[in-house]
Amino acid sequence: RKLNSRTPLTMKFFLTLTFLASVAAFAPTPSTRQSSKLYLSEKNDKDMSKAIPFVPRPKLLDGTLAGDVGFDPFGFGGADKASLINMREAELKHSRLAMLAAVGWPLAELW
C-alpha cells in the first residue's frame, strides 16, 4: 500500500489533537462551585439519612450500630430493635456464605 503525501500531516494533526485533549483533562476547574446539596424540606440533618440525604432516617437506625448511615429504604429492619439485630445477623451470615461461594465456585471449576 502506498502512502500519499498527506498521511504524515494527517497523523501529526491527530496526534496533536490527542495530546491537547489529554492535557485538557488536567486543567484546573473553576473555583466558584455552587453547592449541590439538595434541600427538599427544612428538617433537621439528624432526621435525614446520611446514605440518601433527601429521605428521612428510619427510626430504628439511630447510628448506634457499626456502619449505620440510615439506609433501609424498604423497611427490612423490622418494627423493633430485636428484629433489627436478627436481620443484621442474617445479613452477616448470608454475606459470609456469598464470599465463600465466590471463592469456591472458581476453585471447583479448576479441580
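Asker: Would you mind going over the overall build of the protein chain with me for this structure?
Answerer: The number of helices and strands found in the protein chain is two helices and zero strands. By the burial criterion, 9% of the 111 residues in the protein chain qualify as buried. Considering only contacts in the protein chain between residues 6 or more positions apart, those separated by 24 or more positions represent 2%. Counting every atom, the protein chain has about 10,400 Å² of accessible surface; 65% of that belongs to carbon and sulfur.

Asker: Got a minute to help me understand the side chain of serine 49 in this structure?
Answerer: Relative to the assigned elements, serine 49 resides in the loop between helix 1 (7-24) and helix 2 (81-110). A polar side-chain atom of serine 49 sits 3.2 Å from the main-chain amide nitrogen of alanine 51. A distance of 2.7 Å separates the side chain of serine 49 from the backbone oxygen of glycine 70, its partner in a polar contact. With sequence-adjacent residues up to four places away left out, serine 49 is seen in contact with Val55, Pro56, Arg57, Val69, Gly70 and Phe71.

Asker: Explanation requested: the packing of aromatic side chains in the structure shown.
Answerer: Given two aromatic rings, their pairing is described by the distance between the two centres and the angle made by the two planes. Inspection of the entire model under this criterion finds two aromatic pairs. Ring geometry for phenylalanine 13 against phenylalanine 14: centres 5.6 Å apart, planes inclined by 70 degrees, an arrangement best described as edge-to-face. Under the relative-accessibility criterion, phenylalanine 13 is labelled partly exposed at 49%. Ring centres of phenylalanine 74 and phenylalanine 76 lie 5.9 Å apart, and the angle between their planes is 45 degrees; on these two criteria the pair is classed as tilted. Given a relative accessible area of 67%, phenylalanine 74 falls into the exposed group. Residue classification places phenylalanine 76 among the exposed positions, given a relative accessible area of 57%.

Asker: Just checking my understanding: could you explain a nonpolar patch on the surface for this structure?
Answerer: Together, Val103, Leu107, Leu110 and Trp111 make up an exposed nonpolar region whose accessible area comes to about 520 Å². Its place among the elements puts leucine 110 in helix 2. Judged by its relative accessible area of 64%, leucine 110 is exposed.

Asker: Explain the side chain of aspartate 68 here, please?
Answerer: Mapped onto the fold, aspartate 68 is located in the loop between helix 1 and helix 2. At 6.5 Å, arginine 57 is the nearest oppositely charged side chain to aspartate 68, a buried residue that forms no salt bridge. Here aspartate 62 takes part through its backbone nitrogen, which lies 3.3 Å from a polar atom of the side chain of aspartate 68. Apart from residues no more than four positions distant in its own chain, aspartate 68 is found in contact with Leu61, Asp62 and Gly63.

Conventions we followed
Residues numbered from 1 in each chain as written. Predicted model: local features only at pLDDT ≥ 70, side-chain atom pairs only at ≥ 80, totals over all residues. Heavy atoms only, no water. Helix = DSSP H or I, 4+ residues; strand = E, 2+ residues; numbered from the N terminus. Buried < 20%, exposed > 50% of the residue type's maximum accessible area, 1.4 Å probe, protein only. Contact = heavy atoms within 4.5 Å. Areas by Shrake-Rupley, 256 points an atom, 1.4 Å probe, with all protein chains shown as cover. Polar contact = N/O pair within 3.5 Å; in protein donor to acceptor, adjacent residues only side chain to side chain. Phe/Tyr/Trp six-rings, centres within 6.5 Å; stacked < 30°, edge-to-face > 60°. Patch = residues over 30% accessible without salt bridge, like charges linked within 9 Å, V, L, I, M, F, W, Y side chains within 5 Å. Salt bridge = Lys/Arg side-chain N within 4 Å of Asp/Glu carboxyl O. Lys, Arg positive; Asp, Glu negative; His and termini not counted.

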